[in-house]
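# Structural overview for review
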Amino acid sequence: MRVFFKKSVLAPWRVFCLASLFMALFNQTLCAYAGVATPNCATLSDASHPDRPVSGMVFSVAQNEIAPRSSLASITNTVNYAGVRIVLFYYDMSNVIHRSSVQVASDGSFTIARPADYAKLQFIKVELNRVALPSIGKYTFSADFMSHTGGFDYLSFYLYADKLNTNASSESKYTSISFNQSSGDYYFTTAIEVGSDLNSVFYNYSIGPGFSLPYGGYLKFNFTKLPSDSKVDFSTPGTSDTDKQASNSGNISNINSNVEGISSSLNTFSSSLLSVVRNFRTDFNNFTGTFTDTYEVLFTHMRNQATRIVSAIENIHVEFGEFAQEIIDNDNKLHEDQLANDNRLSQEQLANDNKNHENLVNGYDKSNMDVSAGKLSGSLDNYEAKESELVGSVSGYIDNFTYSDPFSKFTAPLSDVSYFLTGIYTGLGALNIPIAFSLTLSIGLICIGWYRFRGG
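Residues numbered from 1 in each chain as written. Predicted model: local features only at pLDDT ≥ 70, side-chain atom pairs only at ≥ 80, totals over all residues. Heavy atoms only, no water.

For the rest of this paragraph, the subject is the overall build of the chain. Within the chain, the secondary structure is distributed over seven helices and 12 strands. Out of the 456 residues belonging to the chain, those deemed buried represent 30%. In the structure as shown, the chain presents an accessible area of about 29400 Å², 58% of it carried by carbon and sulfur atoms. (Helix = DSSP H or I, 4+ residues; strand = E, 2+ residues; numbered from the N terminus. Buried < 20%, exposed > 50% of the residue type's maximum accessible area, 1.4 Å probe, protein only. Areas by Shrake-Rupley, 256 points an atom, 1.4 Å probe, with all protein chains shown as cover.)

Structure representation (structure tokens):
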């Protein structure tokens, strides 16, 4: 019995130690989840302060400071590079638009290789999706890029923001931004207001002559929080959703209250368990010396109770873990749906651009007009040849024609006779009247005779 008693004394303490260790780890896990839910905990995409570390940061400040920087500025990265990608829009030899995208690496670097059908550049897009965006508020947004290559100039920069609305069309806003550049590096900074439910914030830029592929370098982004009354250069869609923001704040408060209630309940349960174990130890010591058999029965019962308590705690931990995993799975599914929708919108826009370009290039068919023009040209040439032949023939006949007057040999004698008779007629004076009458009568009788001779 003495040996059994010595072994039995150690078993409850082992149970107590295991239960205490498990409670400490479980409370730490709850505090971590509560930190994610509370607005006081900074996220990876929120603006961080160099002198205050952010929970969950993938890269430390020291890592960012030793990373390569451009010749224009040196900023501290505050975004999660997992939410940043680079998209190359380009034309092929048929003037059809294509795109090629790459994910930015964990150190902020990327390289875009030359596609096999690449002909010339349209523009480059740098996209920050929800994973890389800060919470609602006003920020100074800065971007710094160090290029591996140079020999070209950036022409223009445009900042865009997209918001997806449930059962409604999406919203989009954009503005031009000023920038600095040097030997392929660029840097810009602007004040923006980030709204709710943003799908992405991205900027496009075009490049002048001298650009060639591959193209790459190192990128850094910085969001620094501004006071709520600050003036901004650009407001994204969703900045006026005050009701939704209030609803989100209320949901966060409810989550915090629930987590705090769970944590308080678990702390109370832990205290109760500790009290039960202590009471058990006291009772156990009191009954050990005198009532060994009773103690054995009581110890067995208490050990079973402790086993059930530990099993209940394990079940709570499993259920809580399943609940947390369900939240994580839902969030991942939402993110994947958003990415799929973004890809669908981009593909639709690309297809529409290709269709418009195809209509402009190949939509006009002038083959029938070319055939008609050829026929008309041939007819005009034949007509011109015939006309030239006819004019040449007529011109020859006209040039060879000579007019001969057969009456020219009679005009002079007749003129003399006429002059003589006219002189006689004039010289008769008043006697010319009967002569004129007789001549007129003779002409009239001749006409009458001719008429009757013809059978009139």
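On to the nonpolar core, then. In this structure, Val126, Tyr186, Tyr203, Tyr205, Tyr215 and Phe221 are the most contacted members of the largest nonpolar core, which totals 42 residues. Top element by residues in this core is strand S10 (residues 198-207). It accounts for five residues. Filtering out sequence-adjacent residues up to four positions away, Tyr205 remains in contact with Phe123, Ile124, Val126, Tyr154, Ser156, Phe157, Tyr186 and Tyr215. (Core = buried A, V, L, I, M, F, W, Y, C linked by side-chain atoms within 4.5 Å. Contact = heavy atoms within 4.5 Å.)

Let us now look at the sheet that holds strand S6 (residues 154-163). Strand order in the open sheet made by the six strands is S2-S1-S4-S10-S6-S7, with antiparallel pairing throughout. Only two strands of the sheet have a single partner each, and these edge strands are strand S2 (97-103) and strand S7 (171-177). Within this sheet the neighbouring strands show an average axis-to-axis angle of 20 degrees, counted without direction. In terms of strand pairing, strand S4 (residues 120-129) meets S10 through six bridges, oriented antiparallel. The partner of Asn129 across the bridge, within S10, is Ser200. (Pairing = 2+ DSSP bridges. Axes fitted to C-alpha atoms, helices over the stretch in contact; angles between N-to-C directions.)

This model, assessed by the stated rule, comprises 30 aromatic pairs. Consider the rings of Phe157 and Phe179, whose centres lie 4.4 Å apart with planes at 40 degrees: the pair is tilted. Here Phe157 is found in strand S6, whereas its partner Phe179 is found in the loop between S7 and strand S8 (180-182), with 22 residues between them in sequence. Residue Phe157 is classed as buried on the basis of its relative accessible area of 1%. Residue Phe179 is classed as partly exposed on the basis of its relative accessible area of 22%. (Phe/Tyr/Trp six-rings, centres within 6.5 Å; stacked < 30°, edge-to-face > 60°.)

A few words on helix H6 (residues 408-427). End to end, H6 covers 30 Å across 20 residues, agreeing with the expected 28 Å (1.5 Å per residue, within 8%). After H6 finishes, the residue Gly429 shows a positive phi value of roughly 70 degrees. (Expected span 1.5 Å × (residues − 1).)

We now examine unusual backbone geometry. The residue after Leu213, namely Pro214, is reached through a cis peptide bond having omega 5 degrees. Tracing the backbone through its elements, the reader meets Pro214 in the loop between S10 and strand S11 (215-225). Within the chain, Ser183 stands out as a residue other than glycine whose phi angle is a positive 55 degrees. Along the chain, the position of Ser183 falls in the loop between S8 and strand S9 (185-194). Accessibility expressed as a relative area gives 60% for Ser183, which makes it exposed. Phi is positive for Asp197, close to 55 degrees, though the residue is something other than glycine. The class for Asp197 is partly exposed, based on a relative accessible area of 24%.

Our focus in this paragraph is the pattern of salt bridges. Tallying each qualifying case throughout the model produces five salt bridges. Residue Arg85 is joined to Asp342 by a salt bridge in which the shortest nitrogen-to-oxygen separation is 3.0 Å. Pair noted here: Arg85 is in strand S1 (residues 84-91) and Asp342 is in helix H4 (residues 292-362), with a separation of 257 residues, a long-range link. Of the residues examined, Arg85 reaches a relative accessible area of 16% and is grouped as buried. Between Lys333 and Asp337 there is a salt bridge, and its shortest N-O distance comes to 3.2 Å. Of the two residues, Lys333 and Asp337 are both situated in helix H4; the distance of four residues between them amounts to about one turn of the helix. Salt bridges sharing common partners tie together Arg85, Lys125, Glu127 and Asp342. (Salt bridge = Lys/Arg side-chain N within 4 Å of Asp/Glu carboxyl O.)

Examined against the element boundaries, Ser147 turns out to sit in strand S5 (residues 137-147). By relative accessible area, which is 11% here, Ser147 ends up buried. For Ser147, the side chain forms a polar contact with the main-chain oxygen of Thr149, separated by 2.8 Å. Those residues in contact with Ser147, other than ones at most four positions away along the chain, are Phe152, Gly184, Asp185, Tyr215, Gly216 and Gly217. (Polar contact = N/O pair within 3.5 Å; in protein donor to acceptor, adjacent residues only side chain to side chain.)

What follows covers the environment of Gln347. The residue Gln347 is located in helix H4 in this model. For the pair Gln347 and His98, spaced 249 residues apart in sequence, the C-alpha separation works out to 9.9 Å.

This part covers a nonpolar patch on the surface. Together, Val417, Phe420, Leu421, Ile424, Tyr425, Leu428, Leu431 and Ile435 line one region of the surface with nonpolar side chains, adding up to about 750 Å² of accessible area. No other element matches the five residues that H6 contributes to the nonpolar patch. Checked against the element boundaries, Ile424 lands in helix H6. (Patch = residues over 30% accessible without salt bridge, like charges linked within 9 Å, V, L, I, M, F, W, Y side chains within 5 Å.)

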